[in-house]
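Residue strings, one per chain:
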Amino acid sequence: EAGVVQSPRYKIIEKKQPVAFWCNPISGHNTLYWYLQNLGQGPELLIRYENEEAVDDSQLPKDRFSAERLKGVDSTLKIQPAELGDSAVYLCASSRGSAFGATQYFGPGTRLTVL
Amino acid sequence: AQKVTQAQTEISVVEKEDVTLDCVYETRDTTYYLFWYKQPPSGELVFLIRRNSFDEQNEISGRYSWNFQKSTSSFNFTITASQVVDSAVYFCALSGLTGANSKLTFGKGITLSVRP
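Residues numbered from 1 in each chain as written. Chains lettered and ligands numbered in written order. Predicted model: local features only at pLDDT ≥ 70, side-chain atom pairs only at ≥ 80, totals over all residues. Heavy atoms only, no water.

### Some thoughts on the sheet that holds strand β3 (residues 19-24) of chain A
Residue and element names in this part refer to chain A. Note the cut-off: By the convention used here, strands pair only if DSSP detects at least 2 bridges between them. Strands here are runs of E lasting at least two residues and helices are runs of H or I lasting at least four, both read from the DSSP assignment and numbered beginning at the N terminus. All axes are obtained by fitting lines to C-alpha atoms, using only the stretch in contact for helices, and the reported angles, taken between N-to-C directions, cover 0 to 180 degrees.
Read from one edge to the other, the open sheet built from four strands follows the order β1-β3-β8-β7, with strand pairing classed as antiparallel. Of all the strands in the sheet, the pair left with one neighbour each is β1 (5-7) and β7 (65-68). Strand-to-strand twist across the sheet, computed as the mean angle between neighbouring axes with direction ignored, equals 15°. Bridge count for β3 against strand β8 (residues 75-79) is five bridges, and the pairing is antiparallel.

Rendered as structure tokens:
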């Protein structure tokens, strides 16, 4: 079974530029998560989708961040415009269902550097 | 709010030594799940174990074992006879039952270095 796929793996941009990350979850997993991981920290949830519905986006900075999962499968996370403080690893995860305690499986992440 | 504390930040051992990674958690939920993930240099978090709050049995999987103690709110992870391939960052995480606690809350991670 293929794991969670993310692209690109690395991205370097200048501040104020837009950037987008793509995630394809494990087949059959209807719940998809985007996390932010700063250096030396654990991941922090940005947004959770159940199918195509964003059911928890309370931690997503909506002034510059947006996400979509139009067909309930793959998802895109966008930052526009990027700021220096956005340099971090952006992780995507998926789970079979969103039941309490569902195990989340993570992708390799996209390491963003904003110059 | 729930919280996970991994007080050890970095541990360095020589191959074949046993090592224990500590995890202490806080939650007001009586029902919750605890997890351990491994993050090797490649960056991907690898799921290791999930434990329900009602199951306090210790678990052993090969060289890995976990000790869950509700009385001390701890869920410690022991690697027996460590190997160089065990070098990674290890995260403990907690998922509660209710509201904001239902999201996965991670500790800051423990960097384990196993020297040959």
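### Section: the nonpolar core
The test is simple: Residue types Ala, Val, Leu, Ile, Met, Phe, Trp, Tyr and Cys, when buried and joined through side-chain atoms within 4.5 Å, form a set referred to as a nonpolar core. Accessible area is worked out with a 1.4 Å probe on protein chains only. A residue is then buried under 20% of its type maximum, exposed over 50%, and partly exposed in between. Whether two residues touch is decided by their heavy atoms; if any such pair falls within 4.5 Å, the residues are in contact.
By size, the foremost hydrophobic cluster in this structure holds 24 residues, and its most contacted members are L21(B), W36(B), F77(B), Y90(B) and L112(B). Only β2 (10-14), β3 (19-21), β5 (32-39), β8 (64-69), β9 (74-79), β10 (88-96) and β12 (110-115) of chain B provide two or more residues apiece to this core. If you tally residues by element for this core, the top one is β10(B), at four residues. Contacts of L21(B), omitting those with residues within four sequence positions, involve Q8(B), I11(B), W36(B), N76(B), F77(B), Y90(B) and I110(B). By size, the runner-up hydrophobic cluster in this structure holds 22 residues, among which are C23(A), I47(A), L60(A) and I79(A).

### Some words on the packing of aromatic side chains
Applicable threshold: Working definition: rings of Phe, Tyr and Trp (its six-membered ring) pair if their centres are within 6.5 Å, and the pair is stacked with planes under 30 degrees apart, edge-to-face with planes over 60 apart, and tilted otherwise.
Under the counting rule described, the total for this entry stands at 22 aromatic pairs over all chains. Relative to F106(B), the ring of Y35(A) has its centre 6.1 Å away and its plane inclined at 90°; by these criteria the two rings are edge-to-face. Pair noted here: Y35(A) is in strand β4 (residues 31-37) and F106(B) is in strand β11 (residues 104-106), and the two residues belong to different chains. Each member of the pair, Y35(A) together with F106(B), is buried. Ring geometry for F106(A) against F106(B): centres 6.1 Å apart, planes inclined by 75°, an arrangement best described as edge-to-face. Of this pair, F106(A) sits in strand β10 (residues 105-106) while F106(B) sits in strand β11, placing the two residues on different chains. Of the two residues examined, F106(A) and F106(B), each falls in the buried class. One aromatic cluster in this structure is built from Y33(A), Y35(A), Y105(A), F106(A), Y33(B), F35(B), Y37(B), F47(B), F91(B) and F106(B).

### Structural notes on the state of the cysteines
Where we set the bar: Disulfide: a pair of cysteine sulfur atoms within 2.5 Å of each other.
Applying the stated rule across the entire model yields two disulfides over all chains. The partner cysteine of C23(A) in its disulfide is C92(A), sulfur to sulfur 1.9 Å. With the S-S dihedral at roughly -70°, the linkage between C23(A) and C92(A) falls on the left-handed side. With C23(A) in strand β3 and C92(A) in strand β9 (residues 88-95), this residue pair connects regions lying 69 residues apart in the sequence. There is no split in this pair, since C23(A) and C92(A) are both buried. C23(B) shares a disulfide with C92(B); S-S distance 2.0 Å. One disulfide, between C23(B) and C92(B), carries an S-S torsion of -65° and so falls in the left-handed class. Residue C23(B) is located in the loop between β3 and β4 (24-26), and its partner C92(B) is located in strand β10; the two are separated by 69 residues in the primary sequence. The class of C92(B) is buried, set by a relative accessible area of 0%.

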